[in-house]
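As a plain string of letters, each chain reads:
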Amino acid sequence: MNIKSIARFTFTTALFVACFGIKNALAQQDQRASLKDVFKNDFLIGTAMNAQQIEEKDPASDKLIKQQFNAVTPENIMKAEIIQPGWDKYNFDLADKLVVYGQKNNIKINAHTLIWHSQLPAFMRHMQSADSVKQYFVNHIATVAGRYDGKVYSWDVVNEALNEDGTLRKDIFLDKLGDDYIVEAFRLAQKAAPNTKLYYNDYNIEQPAKRAGAVAIIKKIQAAGVRIDGVGIQGHWKAGNVPLNDIEESIKEFAALGVEVMFTELDLGVLPNPWDNATADVSATAKGSKEMNPYSNGLPDSVQQILTQSYTDLFKLFVKYKDNVGRLTFWGVNDGQSWLNGWPIPGRTNYPLLFDRDFKPKPAFYSVIATAK
Ligand code: G3I
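Residues numbered from 1 in each chain as written. Predicted model: local features only at pLDDT ≥ 70, side-chain atom pairs only at ≥ 80, totals over all residues. Heavy atoms only, no water.

Taken together, 15 residues sit near the ligand, with E75, K79, H112, E160 and E265 positioned nearest. Residue E75 places a side-chain N or O atom 2.6 Å away from an oxygen atom belonging to the ligand. Take W331: an N or O atom from its side chain is 2.9 Å from an oxygen atom of the ligand. When isolated, the ligand has an accessible area of 790 Å², and the protein chains bury 52% of it. By residue class, the composition of the shell around the ligand is five nonpolar, six polar and four charged. (Near = heavy atom within 4 Å. Polar contact = N/O pair within 3.5 Å; in protein donor to acceptor, adjacent residues only side chain to side chain. Areas by Shrake-Rupley, 256 points an atom, 1.4 Å probe, with all protein chains shown as cover. Nonpolar A, V, L, I, M, F, W, Y, C, P; charged D, E, K, R; others polar.)

In structure tokens, the structure reads:
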């Protein structure tokens, strides 16, 4: 073997060892970094789970869920439309599987959601009789919350009952049952599920006017001597435009009412919206264009940095108020699962979460991990 081939052999071996070393270090680093572990003394870290994931038909998600999260919220399968398709017809299969999944993996379940104006079962969506709506209301809460009492950790008892100005949203419950329907929902849930935490959940309630509406709801329930344990701020925000001051004020104002504060559907969209006021009302869809889907071939570093900075600032705030904040749930395991790929414009490529479409941690993930004290 001449000098040249010895040199080539040494160089290739060194290169191989180096690559193997880096790959191994990344894998090691990947293994070590876990959101649920680094924040275990601060708050629960959760994710939304879809039907595929609950049925454990998505191994890549499954690995990440067990590694990173100690709380989950069913993205759709415990909503009325799916869990009660008929008057006396309930579909508990997937919810039962979720309970088993949670018990097997020591993961807390936040059930979502008992009373919501959207995804209502077809048989009651246009009900005219107030008595019939009341009967549905009572049966649904008693049957569903009763079945899972102590098996789920918490319920979003009422979801999205407010308008942006803090007044009550006009829907079938307000229309047929009147202003007190929210207090009654919590009263029925408290009776059916004494061993389950009860929350009010909504988007944009960090905003002053809508926040005042949520404060009024909490105070009304408390004044009625009915239990409410927490409030969920959904957190569907835009990277680079996260309302940090409003979020800080909302944590303080809600905590002052003696309730737990949670951020329950976190995602930071990076795509332009057809309108500038962020809303999560899925009925408002818009026409698609290249301008509205600029990153279909990958996310530019400049935008990745904006996303990382926004998540870092947000988690620094959560850590600052860790005594008042009980849970942070991401609305999806990775970018590929996010509802923001299909809303408000179908067929877009969004990047709102901490894990990419290959289930790999994004720079924002490591920056968030670094905020843990
Ligand atoms: O299951 C049907 C499937 O059979 C059908 O082939 C397919 C095609 O239309 O639709 C599937 O249902 C979809 C369902 O998600 C399950 O994937 C519905 O069309 C779709 O509208 C529904 O979207 C969900 C949305 O709530 C509905 O309001 C999103 O996944 C879910 O992320 C989103 O979550 C809400 C929270 O519950 C409350 N806060 C806002 C948040 C985002 O809108």
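In this section: the confidence of the model for the protein. This prediction gives the protein a mean pLDDT of 93; 92% of its residues lie at or above 70. Every residue in residues 278-282 is under pLDDT 50, and counting partners more than four places away or in other chains gives 14 contacts. (pLDDT = per-residue confidence, 0-100. Contact = heavy atoms within 4.5 Å.)

Relative to the helices and strands, E265 resides in strand β8 (residues 260-269). For the pair E265 and Q103, spaced 162 residues apart in sequence, the C-alpha to C-alpha distance is 22 Å. Look past the residues within four positions of E265 in its chain and what remains in contact with it is H112, N201, I233, Q234, G235, H236, T329 and W331. A distance of 3.1 Å separates the side chain of E265 from the side chain of N201, its partner in a polar contact. (Helix = DSSP H or I, 4+ residues; strand = E, 2+ residues; numbered from the N terminus.)

Here we take up the pairing of strand β4 (residues 154-159). Here β4 lies mainly inside the structure; six of its six residues are buried. Pairing geometry for β4 and strand β5 (residues 197-202), over five bridges, is parallel. Counted as the bridge partner of D156 is Y199 from β5. (Buried < 20%, exposed > 50% of the residue type's maximum accessible area, 1.4 Å probe, protein only. Pairing = 2+ DSSP bridges.)

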